[in-house]
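Structural characterization, general
Spelled out from the first residue to the last, the chains are:
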Amino acid sequence: MQDVDLIITGSKALLLDEKNTCLNNAAVAVNGDKIIAVDDSKKILKQFEAKKIVEAGDSLIMPGFVNCHTHAAMTCFRGIADDLELMDWLNNYIFPAEAKNVNKELAYWGSLLGAAEMIKSGTTTFCDMYIFEDETARAAKEAGIRCLVGEVLFDFPSPNFKTPEEGVAYTKMLIEKWQDDPLVNIMIEPHALYTCSQPLLADVKKLSEEFNVPIGLHLLENAAEKKQLEEKFGKGAVSFLKDIGYLNEQLVAFHCVHFTEEDMKMFADYGCKVSHNPASNMKLASGVAPVPEMIKAGVTVGLGTDGCASNNNLDMIKEMGTTAKLHKVARLDPTVMDAQTVVRMATIEGAKTLGMEKKIGSLESGKKADIIVIGLNEPHLTPLYCEYSHLVYATSGADVDTVVINGKVVMENRKLLTINEQDVMQKVRDIATKVKKSLQK
């Protein structure tokens with residue numbers, strides 16, 4: 001028999017491979033940080049002997065969820081300014097609150113709380129844009145969660161830098177510091193076309209090409225932004241991005257609510273990716289992104305929660321349900337965004353969106369062992385006819401029992417093993433008290 005570090009045995013497994021394989025009486029063998037084999041439990045137990053066995057009967061084994069866009073440290077601003085339009089929310093509430101309160105301490109503890117929330121609802125990889133991202137990277141590393149993070153870049157000062165040049169230099173530091181880390185990956189993230197000048201965008205492109213790292217930015221989130229950018233550039237935003245050489249496989253655009261057919265065609269032709277964030281778009285009344293049309297056009301689309309100030313949670317299972325139902329009601333067509341499509345968006349398509357599909361997103365031999373176990377022995381999950389349907393329409397984040405990331409068990413039987421969640425929650429409560437006081441002045 002071959003010795004391995006971990007075997008997870010369960011009743012069912014969704015592999016999310018190209019064939020959408022579903023196995024009964026399945027098991028996964030893990031050695032180091034990689035999946036060694038996925039097969040029938042009896043075959044796995046005959047072939048491998050493990051230091052640790054997780055017995056997950058009456059459960060579903062599947063790849064962890066990939067959150068393609070969030071602002072983890074904004075857990076500290078959860079519920080701070082709700083029921084507002086995007087630009088009002090940003091300019092009159094969020095930016096001022098950040099200017100007064102965001103520092104290394106908030107970034108670290110807010111990100112650690114975000115990591116706890118994501119792990120407990122089955123997310124194993126997240127893509128983050130915020131301030132003091134070195135602290136977010138540090139928190140993610142300690143929590144044992146995989147991430148792709150980038151410092152948000154503006155033309156104007158942020159709590160972390162006074163000039164765009166300082167922001168770009170900080171990003172370069174992140175790239176060099178976290179190079180080759182097994183969990184932390186770096187992205188370059190200009191906030192949006194309405195907050196970044198052409199010289200800043202040019203510096204970003206140069207840095208991306210120098211280090212071969214992706215670029216992420218908010219794009220066409222609402223109608224006002226679309227109109228503003230057309231007036232500013234004399235053309236559509238995507239056409240402008242084409243002109244400055246941004247359209248390629250390294251570009252990940254967040255939101256893309258107001259895409260035209262031509263925008264979708266250009267994104268498909270150049271291999272650009274999109275993160276769809278439906279709960280945030282609904283809450284800010286930004287509109288309904290044409291995701292079924294994007295997918296039909298050949299655009300890779302993943303799912304993201306956005307931050308806790310505009311969602312207000314980081315639960316990818318909730319995001320899947322929202323995604324499926326939003327597009328059905330928006331088009332009065334119950335057949336669009338079927339459950340299997342949405343689950344793929346939250347896993348393997350999300351991995352493709354972040355350029356990580358060779359490492360994560362499906363349960364296949366040789367890939368990183370990012371695995372979650374969802375308990376099925378619950379009233380609201382009984383009976384079971386279709387695993388995909390249950391994941392999108394019946395399951396909740398609280399049904400996730402066990403989470404493995406990079407071969408390490410980070411949560412077992414709902415208990416976090418890398419984070420003291422009570423301590424983290426108390427730290428964030430203390431920070432929130434300061435935030436509340438600052439807003440009263």
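A brief report on the enclosed structure follows. (Residues numbered from 1 in each chain as written. Predicted model: local features only at pLDDT ≥ 70, side-chain atom pairs only at ≥ 80, totals over all residues. Heavy atoms only, no water.)

Observations concerning the overall build of the protein
Test applied: Runs of E in the DSSP output that reach at least two residues are strands. Runs of H or I that reach at least four are helices, and both are numbered from the N terminus. The reference for a compact globule is 2.2 Å times residues^0.38; the radius of gyration itself is calculated from the C-alpha atoms. Working definition of accessibility: Shrake-Rupley area with a 1.4 Å probe, residue cover restricted to the visible protein chains. Note that His is not counted, nor are the chain ends; the positive residues are Lys and Arg, and the negative ones are Asp and Glu. Note that the charge is assigned to NZ on lysines, CZ on arginines, CG on aspartates and CD on glutamates.
The secondary structure content of the protein amounts to 16 helices and 18 strands. Its C-alpha radius of gyration of 21 Å places the protein within 12% of the 22 Å reference for a compact globule of 441 residues. With respect to the principal axes defined by its C-alpha atoms, the protein has extents near 65 × 45 × 45 Å. Working note: accessible area of the protein is about 17500 Å², and carbon and sulfur atoms make up 49% of it. Mean positive and mean negative side-chain charge positions of the protein (48 and 61 charges, respectively) differ by 2 Å.

Topic: the packing of helix α5 (residues 164-177) against helix α6 (residues 198-211)
Just so we agree on the cut-off: Every axis in this analysis is a line fitted to C-alpha atoms, fitted for helices over the stretch in contact. Angles between the N-to-C directions lie between 0 and 180 degrees. By definition in this entry, angles of less than 35 degrees are roughly parallel, angles greater than 145 are roughly antiparallel, angles of 65 to 115 are roughly perpendicular, and the rest are oblique. What makes a crossing left-handed is the near helix being turned counterclockwise from the far one by less than a right angle; a clockwise turn instead makes it right-handed. We call two residues in contact whenever any of their non-hydrogen atoms come within 4.5 Å of each other. Three classes are used, and their members are as follows: Ala, Val, Leu, Ile, Met, Phe, Trp, Tyr, Cys and Pro are nonpolar, Asp, Glu, Lys and Arg are charged, and the others, Gly among them, are polar.
For the pair α5 and α6, interaxial distance at closest approach is 10 Å and the crossing angle is 15 degrees. In this view, α5 runs roughly parallel relative to α6, as classed from their interaxial angle. The interaxial crossing formed by α5 with α6 has right-handed handedness. Between α5, through Pro-164, Val-168, Thr-171, Lys-172, Ile-175 and Glu-176, and α6, the contact on the second element is made entirely by Leu-200, Asp-203, Leu-207, Glu-210 and Phe-211. When grouped by side-chain class, the residues that make up the contact of α5 with α6 number six nonpolar, one polar and four charged.

Concerning the environment of Phe-267
The topology assignment puts Phe-267 in helix α9 (residues 261-270). Separated by 30 residues in sequence, Phe-267 and Ala-297 have C-alpha atoms that sit 8.9 Å apart. What Phe-267 contacts, discounting residues up to four positions off in sequence, is Leu-219, Val-238, Leu-247, Leu-251, Ala-253, Phe-259, Cys-272, Lys-273, Val-274 and Val-299.

Some points on the nonpolar core
Our working rule: We call a set of buried residues a nonpolar core when its members are Ala, Val, Leu, Ile, Met, Phe, Trp, Tyr or Cys and they connect through side-chain atoms within 4.5 Å of each other. Relative accessible area decides the class of each residue, using a 1.4 Å probe on protein chains only: under 20% of the type maximum gives buried, over 50% gives exposed, and in between gives partly exposed.
In terms of nonpolar packing, the biggest core is built from 137 residues, with Met-62, Ile-119, Leu-193, Leu-219, Phe-259, Phe-267 and Met-320 touching the most fellow members. Per-element tally for this core: the top contributor is helix α3 (residues 104-120), with ten residues.

Thoughts on the pairing of strand β5 (residues 48-63)
Using the following cut-off: At least two DSSP bridges between two strands are required for those strands to pair.
Taken together, the ten bridges between strand β1 (residues 2-14) and β5 define a ladder with parallel strand orientation. Paired with Ile-8 across the two strands is Val-54, which belongs to β5. Pairing between β5 and strand β15 (residues 371-375): five bridges, direction antiparallel. When the bridges of β15 are listed, Met-62 appears paired with Ile-372.

Topic: the packing of aromatic side chains
For the record, the criterion: Geometry of aromatic contacts follows a simple scheme: Phe, Tyr and Trp rings, the Trp one being its six-membered ring, pair when their centres are within 6.5 Å, and the pair is stacked under 30 degrees between planes, edge-to-face over 60, tilted otherwise. Two thresholds decide whether a charge sits over a ring: the Lys NZ or Arg CZ must be within 6 Å of the ring centre and within 35 degrees of the ring normal.
A full pass over the atoms with the stated rule returns six aromatic pairs. Aromatic pair Tyr-108 and Trp-109: ring centres 4.9 Å apart, planes at 80 degrees, arrangement edge-to-face. According to the relative accessible area criterion, Tyr-108 is buried, its value standing at 9%. Residues Phe-259 and Phe-267 carry aromatic rings whose centres are separated by 4.9 Å and whose planes lie at 80 degrees to one another, so their mutual orientation is edge-to-face. A relative accessible area of 8% means that Phe-259 is categorised as buried. What links up through ring pairs into an aromatic cluster is the set Phe-95, Phe-154 and Phe-156. Seen from the ring of Tyr-108, Arg-138 lies directly overhead, with NZ or CZ sitting 4.0 Å from the centre.

Nothing here speaks to function; it is all geometry.
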